[in-house]
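Below, each chain spelled out in residue letters.
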Amino acid sequence: AQSVTQLGSHVSVSEGALVLLRCNYSSSVPPYLFWYVQYPNQGLQLLLKYTSAATLVKGINGFEAEFKKSETSFHLTKPSAHMSDAAEYFCAVSDETGANSKLTFGKGITLSVRP
Amino acid sequence: DSGVTQTPKHLITATGQRVTLRCSPRSGDLSVYWYQQSLDQGLQFLIQYYNGEERAKGNILERFSAQQFPDLHSELNLSSLELGDSALYFCASSQRLAAYNEQFFGPGTRLTVL
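What this report covers is the structure whose coordinates are included nearby. (Residues numbered from 1 in each chain as written. Chains lettered and ligands numbered in written order. Predicted model: local features only at pLDDT ≥ 70, side-chain atom pairs only at ≥ 80, totals over all residues. Heavy atoms only, no water.)

### Describing the overall build of chain A
And step 1. Secondary structure summary: chain A contains zero helices and twelve strands in total.
And step 2. Secondary structure elements in chain A, listed N-terminal to C-terminal, are β-β-β-β-β-β-β-β-β-β-β-β.
And step 3. Relative to its length of 115 residues, chain A is compact, with a C-alpha radius of gyration of 14 Å against a globular reference of 13 Å.
And step 4. With the C-alpha coordinates aligned to their principal axes, the bounding extent of chain A is approximately 45 × 30 × 25 Å.
And step 5. With 115 residues in all, chain A has 43% of them scored as buried.
And step 6. With the model as given, the accessible surface of chain A reaches about 5400 Å², and the carbon-plus-sulfur share is 52%. (Helix = DSSP H or I, 4+ residues; strand = E, 2+ residues; numbered from the N terminus. Rg over C-alpha atoms; globule rule 2.2 N^0.38 Å. Buried < 20%, exposed > 50% of the residue type's maximum accessible area, 1.4 Å probe, protein only. Areas by Shrake-Rupley, 256 points an atom, 1.4 Å probe, with all protein chains shown as cover.)

Okay, here's the thing in structure tokens:
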């Protein structure tokens, strides 16, 4: 079964600092990977997705992620954090069979941004 | 706004009761998913429908059931409610079945069982 692991439950950065949120996946076949963001009291919003077209994926709000097969990783980065980036971030992998497309989520990482 | 709507936004009920959560997918989306988000279990997939047919089941309790209607809206029915069923329930939709299709999430229904 496919799975994702998000190390750490909380990351705190200063405004303007680099944001790095880690995600490692487990899959027997090339996976489809997603990063979602959840702001307080809201639903999940897609930041970006990896579908094997390119290993460096650019998303919304200045976020990007790099797929590294050798490290089974799909870490999310943003060069300069903004106060509005404070939220919970989820890495997810889609079902490998392709017959359905349920998402398996990591436990999520809460990002805090200090002024 | 994702285009996915869920009602009600909040639901407070008692143990043993039955509730129905409703979801309307984005226009043109045929696939509907239900997820449960709780503090101890995180985000868990419950069930998926595609064009009216059940396609996949996750960690869904037997007390829970769902269906997708001809107009593509979906309902999640939760019965014999227990305290542990208190959670945020999300509906998501996507255009097709393919695993690379992104899912668009609704704002969720927060269920509190007292």
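### Let's talk about the overall build of chain B
And step 1. For chain B, the count of helices and strands is zero helices and eleven strands.
And step 2. Along chain B, helices (α) and strands (β) appear in the sequence β-β-β-β-β-β-β-β-β-β-β when read from the amino end.
And step 3. Expected size for 114 residues packed as a compact globule is a radius of gyration near 13 Å; at 13 Å, chain B falls within 12% of this value.
And step 4. Principal axes of the C-alpha set define a box for chain B whose edges measure 35 × 30 × 25 Å.
And step 5. Residues classed as buried in chain B amount to 52% of the 114 residues present.

### Remarks on the nonpolar core
And step 1. Ranked by internal contacts, the top residues of the largest apolar core, which has 27 residues, are Leu33, Trp35, Leu47, Leu48, Phe74, Leu76 and Tyr89 of chain A.
And step 2. Looking at this core element by element, the count peaks at four residues for strand β10 (residues 87–94) of chain A. (Core = buried A, V, L, I, M, F, W, Y, C linked by side-chain atoms within 4.5 Å.)

### A closer look at the interface of chain B and chain A
Interface size is often expressed as the accessible area that is lost when the parts come together.
And step 1. Between chain B and chain A, the residue contacts involve 21 residues of the former and 20 residues of the latter.
And step 2. Between chain B and chain A the total buried area reaches about 1700 Å² when both faces are included, carbon and sulfur atoms providing 56% of it.
And step 3. Three residues, Leu43, Ala99 and Tyr100 of chain B, lead the burial of chain B against chain A; their summed loss comes to 32% of the area buried on that side.
And step 4. Applying the counting criterion to the chain B and chain A interface returns one salt bridge.
And step 5. Across the salt bridge formed by Glu102 of chain B and Lys49 of chain A, the nearest N and O atoms sit 3.9 Å from each other. (Contact = heavy atoms within 4.5 Å. Buried area = accessible area lost by both parts, 1.4 Å probe. Salt bridge = Lys/Arg side-chain N within 4 Å of Asp/Glu carboxyl O.)

### Digging into the state of the cysteines
And step 1. Taken as a whole, this structure holds two disulfides over all chains when the rule is applied.
And step 2. Shown here is the disulfide that connects Cys23 of chain A with Cys91 of chain A, its sulfur atoms set 2.0 Å apart. Here the S-S torsion is close to -65 degrees, and the disulfide linking Cys23 of chain A with Cys91 of chain A is therefore left-handed. Linking Cys23 of chain A in the loop between β3 (19–21) and β4 (24–26) with Cys91 of chain A in strand β10, this pair joins segments that are 68 residues apart in sequence.
And step 3. Sulfur-sulfur distance for the disulfide between Cys23 of chain B and Cys91 of chain B comes to 1.8 Å. (Disulfide = S-S within 2.5 Å.)

### Focus on the environment of Ile60 of chain A
All names here are of chain A.
And step 1. Assignment of secondary structure puts Ile60 in the loop between β7 (56–58) and β8 (64–68).
And step 2. As for Ile60 and Gly16, which are separated by 44 residues in sequence, their C-alpha atoms are 17 Å apart.
And step 3. With sequence-adjacent residues up to four places away left out, Ile60 is seen in contact with Gln45, Leu46 and Leu47.

### Quick look at the pairing of strand β5 (residues 42–50) of chain B
Residues and elements named next belong to chain B.
And step 1. Burial analysis of β5 places seven of its nine residues in the buried class, which makes it a mostly covered element.
And step 2. Once strand β4 (residues 31–38) ends, the chain turns through three residues before running back antiparallel as β5.
And step 3. Examined bridge by bridge, β5 and strand β6 (residues 53–57) share four bridges and lie antiparallel to one another. Looking at the pairing, Tyr49 lines up with Glu54 of β6.
And step 4. Here β5 folds back onto β6 in antiparallel fashion, the turn holding two residues, of which Asn51 has a positive phi close to 50 degrees. (Pairing = 2+ DSSP bridges.)

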